[in-house]
Amino acid sequence: MNLFASDHKAVARRYLWGGLGFLLLGGLLALIIRWQWAYPGQPVPGLAWAMPESHGAMTPPAYTAVFTMHGLIMIFFAVTPLLFGALGHFVLPLSIGARGLAFPRLSVLGFWLYALGGALVLGSFAVRLGPASAGWTSYPPLSTSVFTPSLGQTLVTVAVLCAAASSFLYGLNFVVTVVRCRAPGMTWGRLTLTVWGLFFASVLNVLFVPVLAAATALLLMDRLLGTQFFIAGAAAVGGGGDPVVYQHLFWLFGHPEVYILILPAWGMVGDFVAFFSRKPAHGYRLTAGAMGVVTALSGLVYAHHLFTSGMSPVLGRTFMVLTLLISLPAEVMYLNWLMTLWRGSVRLTSPMLAALGTMVVFGLGGITGLSLGAVATDVPLHGTLWVVGHFHLTMGAASFLAVFAGLYFWFPKMFGRALHEGLAKAHVVSSAVLFLGVFGGQLAAGYAGQLRRLYDPYQYTYLKHLLPLNQWTSACAFLLGAAQVLFIVNLVWTLSRGRVVGANPWKVGTLEWTCTPSPPPAWNYDPVPVVLRGPHALSQPEVLERLGRDWMGQAESFPEESETEPGQAEGVGGMSTSGGAA
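In this text, all values refer to a predicted model and were calculated from it rather than measured experimentally. Along each chain, numbering runs from 1 in the same order as the chain's sequence is written. Only residues with pLDDT of at least 70 get local features here, since the model is predicted, and only at 80 or more are side-chain atom pairs given and counted; chain-wide, interface and lining totals rely on the full set of residues. Only hydrogens and water are set aside; all other atoms, that is, all heavy atoms of the structure, feed into the side-chain values.

> Please clarify how the overall build of the protein should be interpreted in this entry.
Looking only at helices and strands, one finds 17 helices and two strands in the protein. We compute the radius of gyration over the C-alpha atoms and compare it with the globule rule, which gives 2.2 Å times the number of residues raised to the power 0.38. For 582 residues, the compact-globule estimate of 2.2 N^0.38 gives 25 Å, and the C-alpha radius of gyration of the protein, at 24 Å, lies within 12% of that figure. Projected onto the principal axes, the alpha-carbon positions of the protein cover approximately 80 × 50 × 50 Å. Only protein chains enter the accessibility calculation, which uses a 1.4 Å probe; a residue whose area is less than 20% of its type maximum is buried, one above 50% is exposed, and one in between is partly exposed. The buried share of the protein, reckoned over its 582 residues, is 58%. To qualify as a helix, a DSSP run of H or I must reach at least 4 residues; to qualify as a strand, a run of E must reach at least 2; elements of each kind are numbered from the N terminus.

Listed below in structure tokens is the structure:
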């Protein structure tokens, strides 16, 4: 295997293995956190070798480092690389009929920056005083050398810079590829909703990841060079800086990051609901437009994360209104998904079950987020586990299920073999149900007043009665971890002995399933297809009558039209007049 191959499919596979590895590590850290909340101060089974002084029991510093690294690893090195690095790199050029990304060498550079960042994260566990422990947001002054002097905090800060550079590079690459490399006839109105989601999310990457990179670079200068951009008070010399500025910069990236992760998920849900309901996507243009509106508004709502930071009430009211407004386009998309399902011939395949699970957890996450968008209810809930439960439903569970929806759907195209459907369905359904148990328990604990990040919440008398609830929630988390064994077994078995599939096992009409074999050759298409219709040409009476099936390829024509099809195709950049189905 050539580790420097620039074929977008090879880069995608490298991101896939890296992202799955970090997903496993981040998940194990989450289980350790849940153990501490269920059995505070008791030895964690199997961890005596790592913490011999405490015989495997979590200490307050170790606990702080564990929840810090869980957040950083999950966001920057697991979920984001799986959505963009793996699925995005693999799917996007194939879906638009391109022979590759616009800048193939840039995607190789992006992967190796990600790999360097991952190596620094792993290395930080081995240094004296351990890895980063200032929380995943790395707020100063906690993240300055005064409060976290360890080399591990510095290594992880550099790792975040590497991950940010990687995200910017593939974001730029994806935007240029969609704009410039579409196949003839692939108009904007014929893109799959997945491509729309990846495109809008990549625009956000290009706009807002540099903000995170700038804030992280300034923070690193404060740690290493003695500057004082974010240092104030007694630790500052000659006036110092302002740590609240970092909070603004971080959330100017941090809130769009929510949409960076969820936009591709929304796109996949829109496509899969149509494919497996055997119906055109209801309101295709409205759904794509709603994703565009969310993209435009996403940078204008970030300050609702700062309602408790002393912000001016006038600004608070403005950001509250904008935050609540952004829920409207999301509701439009949700209604379109439901209308697509309505009276459809629903097939409960593993990608469809994962898409439905994404809809459920995202819906609950969105509803619980309304209370955090309004100032009056955010102030009492902001420091509690309510925020953690909402955040994980919206950004964790929804993204996780969307990743596996995409993985189960495109795995046959990636490797030429299909994962076992029974194991895949068991994995998806059990994960979705247990996600509700874990994050529903966190919402209940937060509503009861349990604060975030407490090492031992039961030191407070008013929280003692929450111990049984937390033990029940942790049991769901441990079962959720065990459920992932189903995927690991399925993956290993399929790669070695799995069923070989044909070019189009799902019977859908998009280019990657109808115009190239599984797995595709290095050049993707030979020749490049001429696109004639949208991605959701399903259950059309004329197709049923003349071809005897309920789907039609995007570049497929009826036999008698074959002589005239190239001349009828629209040029790249034109607009379809018939939406996603035609």
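> Is there a simple way to think about the nonpolar core in this case?
Counting 171 residues, the largest nonpolar core has F76, L191, W196, W266, F272 and F409 as the members making the most contacts within it. Counting residues per element, this core draws most heavily on helix α2 (residues 60–95), which supplies 22 residues. Buried Ala, Val, Leu, Ile, Met, Phe, Trp, Tyr and Cys residues form a nonpolar core when they are joined through side-chain atoms within 4.5 Å.

> How do you make sense of unusual backbone geometry when you look at a structure like this?
Trans peptide bonds make up the majority, and among non-glycine residues the majority have a negative phi. Here the bond from P140 into P141 is cis, since omega is 5°, no more than 30 degrees from zero. Residue P519 is reached from S518 by a cis peptide bond, and omega for that bond is -10°. Within the fold, P519 resides in the loop between α15 (511–514) and α16 (541–547). Phi angles above zero are rare outside glycine, and N524 is one such case at about 70°. Given a relative accessible area of 1%, N524 falls into the buried group. We note that S539 has phi near 55°; this positive angle belongs to a residue other than glycine. Counting through the fold element by element, S539 comes out in the loop between α15 and α16.

> What am I meant to see in α2 here?
Residues separated by three or four positions in an α-helix point in the same direction, a consequence of the helix having 3.6 residues per turn. How far a helix is expected to stretch is found by multiplying one less than its residue total by 1.5 Å. With 36 residues, α2 should cover 52 Å at 1.5 Å per step; its first-to-last C-alpha distance of 49 Å lies within 8% of that length. P81 marks where α2 bends most, by close to 55°. Across the 36 residues of α2, 33 count as buried, placing the element largely inside the fold. In the stretch just after α2, G97 is the one whose phi turns positive, near 80°. The bend at a residue is defined as the angle formed between two axes, one fitted to the seven residues ending at that residue and one fitted to the seven starting there.

> Explain the packing of aromatic side chains here, please?
Aromatic rings considered in pairs are described by the distance between their centres and by the relative angle of their planes. Pairing of aromatic side chains here covers Phe, Tyr and the six-membered ring of Trp, requires ring centres within 6.5 Å, and sorts the geometry by plane angle: under 30 degrees stacked, over 60 edge-to-face, intermediate tilted. One pass over the full model with this rule turns up 51 aromatic pairs. Their ring planes at 35° and their centres at 4.6 Å tell us that F411 and F415 sit as a pair that is tilted. Residue F411 and its partner F415 are located together in helix α12 (residues 385–415), separated by four residues, close to a single helical turn. Here F411 falls in the buried class, since its relative accessible area comes to 1%. Three or more aromatic residues joined by ring pairs form one cluster here, namely F4, Y15, F22, F77, F84, F111, W112, Y114, Y170 and F174. Criterion for a charge above a ring: Arg CZ or Lys NZ at most 6 Å from the ring centre, at most 35 degrees from the ring normal. Positioned above the aromatic ring of F111, the side-chain terminus of R14 is 5.2 Å from the ring centre. A cation over an aromatic ring shows up here: R182 above the ring of W188, its NZ or CZ 4.5 Å from the ring centre.

> What is the right way to look at the pattern of salt bridges in this model?
When the charged atoms of two side chains lie near each other, side chains of opposite charge can form a pair. The term salt bridge refers to a pairing of a side-chain nitrogen on Lys or Arg with a carboxyl oxygen on Asp or Glu at a separation within 4 Å. For the structure on display, the rule yields six salt bridges. D526 is paired through a salt bridge with R99; the nearest N and O atoms lie 3.6 Å apart. Here R99 lies in the loop between α2 and α3 (104–124) and D526 lies in the loop between α15 and α16, a separation of 427 residues in the sequence. Overall, R99 belongs to the partly exposed group, its relative accessible area being 43%. In this structure, E542 and R546 form a salt bridge, with 2.9 Å as the shortest nitrogen-oxygen distance. With E542 and R546 both in helix α16 and four residues apart, the pair spans about one turn of that helix. When its relative accessible area of 42% is taken as the criterion, E542 is described as partly exposed. Ionic contacts of the salt-bridge type, sharing partners, join the residues R278, R347 and D550 into one network.

> Just checking my understanding: could you explain the confidence of the model for the protein for this structure?
Atomic detail in the predicted coordinates should be set aside for any region of low pLDDT. Per-residue confidence from the predictor is reported as pLDDT, a score between 0 and 100. For the protein, the average pLDDT comes to 91, and 96% of its residues sit at 70 or higher. Contacts of residues 564–582 to residues separated by more than four positions or lying in other chains number 47 contacts, the stretch itself having pLDDT below 50. Residue contacts are defined here by distance: any two heavy atoms, one from each residue, within 4.5 Å place the two residues in contact.

> How do you make sense of helix α4 (residues 151–180) when you look at a structure like this?
Between its terminal C-alpha atoms α4 stretches 44 Å, which fits the 44 Å expected from 30 residues at 1.5 Å a residue. Counting buried residues in α4 gives 21 out of 30 residues, a clear majority hidden from the surface.

> I would appreciate a short explanation of the packing of α12 against helix α14 (residues 467–497) in the present structure.
Describing two packed helices takes the angle between their axes plus the distance from one axis to the other. What counts as an axis is a line fitted to C-alpha atoms, over the stretch in contact for a helix, and the angles between N-to-C directions run from 0 to 180 degrees. It is at 13 Å that the axes of α12 and α14 come closest, and there the two elements cross at 10°. Classified by the angle their axes make, α12 and α14 are roughly parallel. Where α12 approaches α14, its residues F400, F404, L407, Y408, F411 and F415 are matched on the opposing element by Q484, F487, N490, L491, T494 and L495. Under this grouping Gly is polar, as are all residues other than the nonpolar Ala, Val, Leu, Ile, Met, Phe, Trp, Tyr, Cys and Pro and the charged Asp, Glu, Lys and Arg. Of the residues assigned to the contact of α12 with α14, the class counts are nine nonpolar, three polar and no charged. Here the word oblique covers every angle except those under 35 degrees (roughly parallel), over 145 (roughly antiparallel) and from 65 to 115 (roughly perpendicular).

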